[in-house]
Each structure stands twice: as structure tokens, then as C-alpha cells.
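# Per-entry structural report
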Amino acid sequence: MAYAITQTCCNDASCVSVCPVNCIHPTPDEPEFGTTDMLYIDPRACIDCGACADACPVDAVYPVDRLRGPDTVFGDLNRDWFRDHPSDHAWGAPSFPRSLPGDLGALRIAVVGTGPSAGYTAQELLRGTSAEITMIDRLPVTGGLLRHGVAPDHQSTKRIAESFAGVFHDPRLRMHLNVEIGTDVTHQELAAHHHAVVYAVGAAADRRLGIPGEDLPGSLPATSFVGWYNAEPTVPADTVDLSEVRRVVVVGNGNVAVDIARILLTDPDRLAATDIADHALAALRGSRVREVVLLARRGPEQAAWTTAEFLALRQLPGVEVVVEDHPQVRAEIEAGAGAGLGLGPGPGVPAGSGSRAALLAGLPLVPHDGGAEPGPGRRIVLRFLSAPVALSGDGRVEALTVERTAPAADGGVEGTGAEDVLRAGLVVRSIGHRGVPLPGLPFDEATGTVAHREGRVVDPATGRPLPGAYVVGWAKRGPSGGIGANRACARETVDALMDDAAARALPAPAAGRREFDRLVRHRRPDAVGLRELRAVDRAERERGEAEGRPRVKLATVPDLLAAGRRR
């Protein structure tokens with residue numbers, strides 16, 4: 001019986017490298033890698049060896065005959081992808097590990113950040129070179145978006161952090177947490193103590209709507225909401241108040257928007273078995289939210305969620321998912337289903353690999369009166385072709401005005417002038433992230449990324465590389481791609497760094513590792529190292545064990561530092 005890849009696929013392609021018959025696609029060498037929702041196993045070529053399941057860091061690979069309930073659709077999704085993407089599964093030319101000239105000596109490389117892109121970068125460097133690594137993070141804990149971005153009910157996805165545990169414990173790696181570059185230590189000081197500096201700092205800012213009332217209390221960026229339920233220590237526990245909110249509008253319909261809707265309406269007793277922040281769990285237990293509206297300017301065919309995430313949303317116990325009825329939306333759904341990409345209602349979960357609109361087949365199409373109070377029960381309303389115009393309220397958000405849009409000739413949408421008002425006590429904008437400038441580095445305002453070429457930081461005015469400066473992850477390519485996409489991204493950056501090292505183009509540091517350690521201790525006496533990090537991990541796991549949870553996160557910097565001192 002063949003294997004199939006399921007919802008929690010991280011796209012890092014660990015499975016591809018161990019498959020003896022090359023039946024998992026797209027591979028990192030194929031154009032579609034990094035752009036598909038997930039990877040797929042061809043059931044006709046799979047030999048049922050199980051190597052992919054053993055290698056998967058997030059437990060996403062199962063035998064098809066062991067899939068149950070809503071997961072059975074993933075057998076169809078894997079099979080159908082190869083209907084549209086035929087492959088002979090032939091192996092390409094072999095590739096071999098890189099190496100550096102032996103007379104170079106050990107490089108000292110700083111990696112700023114501890115999220116997935118930083119983890120993959122350090123992993124590549126430790127495996128392919130004899131380099132000594134310094135990892136730095138502004139927070140007193142590691143993980144980046146793995147800890148503070150992945151939804152708490154996606155515990156399987158969080159398991160990829162275990163693959164980085166060996167990296168963080170490597171004797172060639174030294175860690176300085178609770179240290180901020182640009183405030184505690186400058187880029188120039190980092191460069192003076194290392195041959196190269198790799199920035200893996202993500203995209204910390206949210207895109208703004210640019211409409212009146214956006215800064216009213218009750219209007220939040222998605223990063224604040226997600227940080228709130230994930231115990232991000234810079235997000236206060238009182239950031240979100242759900243006590244008087246009955247309708248929440250989430251502007252956007254990507255995976256983060258889906259996460260927010262799902263967390264808001266999931267039974268808190270189910271969330272109590274996860275690592276959700278204690279303050280968020282308490283707020284959700286007292287929540288009066290009955291309806292979440294996912295608002296999208298464009299039609300269903302342009303929805304930004306991945307197939308796996310949306311299929312999971314359809315199966316949320318006790319929550320009805322409906323689509324606001326509209327002629328254009330109805331036509332798109334019917335066109336998708338008519339093309340054979342949807343299976344209709346019931347266990348009838350759409351099984352196509354191409355059409356986003358087909359995923360809505362079988363969902364109720366209903367009129368939506370956003371000016372009225374939500375009815376009984378809990379539901380998610382998918383409202384397409386609606387653009388936010390203004391937020392209003394007496395001292396805090398009470399309503400969102402939206403304008404109906406229509407498809408435009410250029411493939412986008414345009415306003416029709418028809419407006420509607422949605423009563424809402426909370427509005428969350430989830431329309432994408434944006435990088436922020438880093439002190440001492442060139443920044444591309446147009447893309448919201450560090451200016452670079454294949455991972456090398458460059459001067460935008462001259463196009464010349466800044467010797468020894470590199471970038472990886474969302475700070476490099478913008479906020480696109482999931483966790484696993486950072487693996488190929490890190491490999492490209494590390495390849496560039498190794499090319500420069502082999503060409504002896506890396507500047508020699510003026511000072512050594514011990515001098516940098518002293519500098520950090522002087523500037524930031526409360527910096528956190530590996531021993532303190534282990535103590536925090538033990539404390540959170542012990543708290544979790546007492547409550548039957550994977551861990552109970554410490555939610556403030558003082559609490560994290562105190563736990564680290566109790567080692």
C-alpha cells in the first residue's frame with residue numbers, strides 16, 4: 001500500500017532525499033518546489049518502504065490505508081497531483097557535499113535569529129564546514145516563528161524544532177539570546193569578530209490597510225493576535241479582549257487568517273491540550289465570539305490559503321463554514337466543481353489539486369447581514385469581493401465599512417461603489433508581513449527586504465556585495481513560503497558564503513570569540529546562553545506535564561529570565 005503526505009507537510013524535502021525510487025515531487029530541483037501547498041507521493045511508483053515516513057520531521061507521511069475520517073482525502077490529493085504533473089521519476093545527476101580548502105582554517109560565522117531559516121543555515125554550515133557558529137536572538141528563547149507563529153493546535157508542525165535541537169547543542173555553536181543587534185551590539189561589531197554574518201530575522205512588521213480608523217483599539221495586526229495566543233513575550237497578555245465581542249472580522253484569507261478564525265472558534269477544552277498561552281486560553285474560555293468573517297478583496301479562485309489548511313477548517317467540530325452568496329462567487333464555485341475538481345457535500349471534501357474555488361463546493365451559500373447580531377451557534381463566513389474602507393466606533397472598533405468589488409480587466413478587482421457595514425468588536429488585518437530596516441544594512445523599500453543578490457547583501461547604489469554580510473529567509477525573499485522553504489533558501493545563501501570563503505573574499509575578523517563573549521556580557525549582563533535555555537525548556541515542560549500539556553509557556557521576558565537562572 002502506498003504512502004501519502006498529509007496536512008502537516010512542512011515542504012523541507014527531507015523525505016525526497018531518502019526515497020529510493022524518487023516518487024516524491026516536486027523535488028528541490030524542480031521549478032514548482034516551494035510554490036506548491038505541499039509535497040506529493042505518486043502511489044503508482046511508491047514501493048511502500050516507509051523511508052519517507054521515518055525521515056519526515058513533522059509526522060506528515062502515512063500509509064494510505066491508515067488514513068481515517070477527513071484525512072482520507074489526502075490519498076486522493078496525492079494521486080491527483082500526478083494526474084496533472086506526470087513524472088517518469090528518473091534521477092537527475094548526483095550532487096555531492098561541498099568542502100572548503102583545508103588551509104582556510106575554521107571560519108567564525110554569526111547567525112542573527114533562531115527561527116527556521118537560522119536553524120537550516122546553522123545546520124548547513126555545521127554539516128558542510130568546520131565553522132564555529134555564534135547564534136544571536138533578541139528574545140530569551142529560540143524558535144522564532146516555530147515557537148511564536150505556528151498555531152498551538154498544530155503540534156505536529158512544531159516537531160520540526162526537534163531537528164534543530166542537535167544544531168543548538170553542537171559544541172561548535174555558541175548562543176547569545178536576549179541580545180538585540182543594533183541596540184546591544186552593532187553590525188560593525190559583529191563583523192569585527194566574525195568572518196561572516198548571516199541575518200535570518202524574518203519579516204517583523206505587518207502590512208497596513210491604509211484606511212481611516214485603522215489605529216482604533218480593537219484593530220490589530222495578525223502578528224499581535226498570533227503572538228498573543230502563542231505567548232510571544234513582547235505581546236502583552238491584555239492585547240486581545242474577547243469578553244464583549246460577538247463578531248470578529250479577519251481581513252485576508254491566507255493560512256494565518258485561517259489559523260486565527262480556527263483558534264477563535266475551537267472548543268477551549270481542545271486547545272487546553274496544546275501549548276497555547278494561559279492568558280489566551282482563559283480569554284477564549286470567557287469569549288462570546290460566535291462568528292468570524294474572513295474578508296477578501298478578490299474572488300474564491302484567488303484565495304491565499306493552502307488546500308490542506310482549508311480542508312482542516314471545513315472539519316472543525318461544532319463550527320459551520322458558510323460562503324456569503326454572490327453571483328460571481330457562485331459562478332466561480334460552479335465552474336470549479338464543473339471541471340471535476342470538487343466532490344460536493346458530505347464526506348465530499350473537494351479532492352482537486354488546482355482550483356481554489358472548487359474547495360468551496362458543498363458549502364452553504366447564504367446571504368450575510370453584517371449589520372445584525374450573529375445568530376446562535378458558531379460559524380465562519382467566507383466573504384469574497386469585499387474590500388475594507390473604514391473602521392469606526394466610539395473609542396474602539398464597533399464597525400467596519402466594506403465596498404463590494406468586481407473583477408477588473410487587468411485580472412485584479414475594482415470598487416463598485418456599493419458599500420455595506422459589518423458590526424464587529426474586533427478587526428484583525430492579516431494581509432501579509434513586511435521586513436523592517438536593520439541598522440547598518442541596506443534595505444530595499446520596494447520589496448521590504450534586505451538588498452541582496454543570491455543571499456549576498458549588496459549596496460543598492462552600486463550593486464556591489466558588502467563583504468561578509470548575508471541574508472536568508474523572509475528577510476531575503478520576502479514573506480513567502482512555509483517553514484520547509486527555508487531549507488533551500490539557506491542552502492543558496494550558504495553556497496554563496498562558501499564560494500566567497502573559497503575565493504578568500506571574506507574579511508578576517510579583528511578580534512576573536514572570547515572577545516565577543518566579553519563584549520556581550522558587558523553590554524547585556526542578562527544575556528541567555530544554552531544552559532539557561534535548557535532550564536527554561538525544563539521549566540515549561542514540567543509545568544506542562546503537571547497539566548497534561550506538551551508545555552506551558554512562560555509568557556514574559558522576566559519570567560523567562562527567572563526560569564533560566566533556576567538552572
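Structure shown above.
First things first, this report covers the structure right here in the doc.

Definitions and cut-offs
Residues numbered from 1 in each chain as written. Predicted model: local features only at pLDDT ≥ 70, side-chain atom pairs only at ≥ 80, totals over all residues. Heavy atoms only, no water. Buried < 20%, exposed > 50% of the residue type's maximum accessible area, 1.4 Å probe, protein only. Helix = DSSP H or I, 4+ residues; strand = E, 2+ residues; numbered from the N terminus. Pairing = 2+ DSSP bridges. Axes fitted to C-alpha atoms, helices over the stretch in contact; angles between N-to-C directions. Core = buried A, V, L, I, M, F, W, Y, C linked by side-chain atoms within 4.5 Å. Contact = heavy atoms within 4.5 Å. Right-handed = clockwise from strand over helix to strand, strands pointing away. Salt bridge = Lys/Arg side-chain N within 4 Å of Asp/Glu carboxyl O. Phe/Tyr/Trp six-rings, centres within 6.5 Å; stacked < 30°, edge-to-face > 60°. Parallel < 35°, antiparallel > 145°, perpendicular 65-115°, else oblique. Left-handed = near helix turned anticlockwise from the far one by under 90°. Nonpolar A, V, L, I, M, F, W, Y, C, P; charged D, E, K, R; others polar.

## Structural notes on the pairing of strand S13 (residues 319–324)
The buried count for S13 comes to five of six residues, which makes it a mostly enclosed element. Of the strand pairs in this sheet, S13 and strand S14 (residues 365–366) are connected by two bridges, and their pairing is parallel. Counterpart to Glu324 in the pairing with S14 is Val366.

## Digging into the sheet that holds strand S17 (residues 399–407)
Across the sheet, which stays open at both edges, the three strands sit in the order S16-S17-S18 with antiparallel pairing between neighbours. Edge positions in the sheet fall to strand S16 (386–392) and strand S18 (413–423), since each has one partner strand and no second. Within the sheet, the average angular offset between the axes of one strand and its neighbour, ignoring direction, is 25°. Summarising the sheet, S16 and S17 pair through six bridges and their orientation is antiparallel. Bridged to Ala390 within S17 is Thr401.

## What to know about the nonpolar core
One finds Ile5, Ile24, Phe225, Tyr229, Leu382 and Phe384 to be the most contacted residues of the largest nonpolar core, which totals 127 residues. Tallying contributions element by element places helix H10 (residues 255–265) first for this core, with seven residues. Not counting residues up to four positions away in its chain, the partners in contact with Phe384 are Asn253, Ala296, Arg298, Gly299, Pro300, Ala303, Trp305, Val323, Glu324, Val329, Leu360 and Arg404. Listed in part, the 19 residues of the second largest apolar core include Ile136, Val179, Val185 and Val457.

## Topic: the pairing of strand S6 (residues 132–137)
Summarising burial for S6: five of the six residues are buried, a large majority. Of the strand pairs in this sheet, strand S5 (residues 108–112) and S6 are connected by five bridges, and their pairing is parallel. Each bridged residue has a counterpart across the sheet, and for Val111 the counterpart in S6 is Met135. Of the crossover connections in this fold, the one passing from S5 over helix H4 (residues 116–128) to the parallel S6 is right-handed. Where S6 lies against strand S7 (residues 173–177), five bridges are found, and the strand directions are parallel. Each bridged residue has a counterpart across the sheet, and for Thr134 the counterpart in S7 is Arg174.

## Focus: the pattern of salt bridges
Per the stated rule, a full pass over the model turns up 42 salt bridges. In this structure, Asp84 engages Arg83 in a salt bridge whose closest nitrogen and oxygen atoms are separated by 3.3 Å. Using a relative accessible area of 40% as the deciding quantity, one classes Asp84 as partly exposed. Beyond isolated ion pairs, a larger network of salt bridges with shared partners links Arg147, Asp537, Glu540, Arg541 and Arg551.

## Considering the packing of aromatic side chains
To describe a pair of aromatic rings, you give the distance between the ring centres and the angle between the ring planes. Throughout the structure, instances matching the rule amount to seven aromatic pairs. Consider the rings of Trp81 and Phe82, whose centres lie 5.1 Å apart with planes at 85°: the pair is edge-to-face. Both residues of the pair, Trp81 and Phe82, count as buried. Geometrically, the ring pair formed by Trp305 and Phe384 is edge-to-face, given 6.3 Å between the ring centres and 70° between the ring planes. Placement of Trp305 in the loop between strand S12 (291–295) and helix H13 (307–314) and of Phe384 in the loop between strand S15 (378–383) and S16 is noted, with a sequence separation of 79 residues between them. Phe384 matches Trp305 in its accessibility class, with the two residues each being buried.

## Quick notes on the packing of H4 against helix H16 (residues 485–502)
The N-to-C vectors of H4 and H16 enclose an angle of 50°; their axes lie 8 Å apart at closest approach. As the angle between them shows, H4 and H16 are arranged oblique. At the point where H4 passes H16, the crossing takes the right-handed sense. Seen from H4, the contacting residues are Pro116, Ser117, Tyr120, Thr121, Glu124, Leu125, Arg127 and Gly128; seen from H16, they are Asn486, Arg487, Ala490, Arg491, Val494 and Met498. Taken together, the residues that form the contact of H4 with H16 break down as six nonpolar, four polar and four charged.

## A word on the packing of helix H9 (residues 222–229) against H10
Taken N-terminus to C-terminus, the directions of H9 and H10 make an angle of 45°; their axes are 11 Å apart at the nearest point. It follows from the interaxial angle that H9 and H10 lie oblique. Pair H9 / H10 crosses with left-handed handedness. Contacts from Ala222, Phe225, Val226 and Tyr229 in H9 reach Val256, Asp259, Ile260, Ile263 and Leu264 in H10. Considered class by class, the residues forming the contact of H9 with H10 number eight nonpolar, no polar and one charged.

## Quick look at the sheet that holds strand S10 (residues 219–221)
As summarised here, the arrangement of the seven strands in space is S10-S19-S11-S12-S15-S13-S14, forming an open sheet in which the pairing is parallel. The open sheet has two edge strands with one neighbour each: S10 and S14. Running at roughly 80° to S10, H9 makes contact with S10 and strand S19 (426–429) of the sheet. The strands that H10 touches are strand S11 (247–251), S12, S13, S15 and S19; relative to S12, the one it contacts most, it runs at about 175°.

Function cannot be inferred from these measures alone, as they are strictly geometric.
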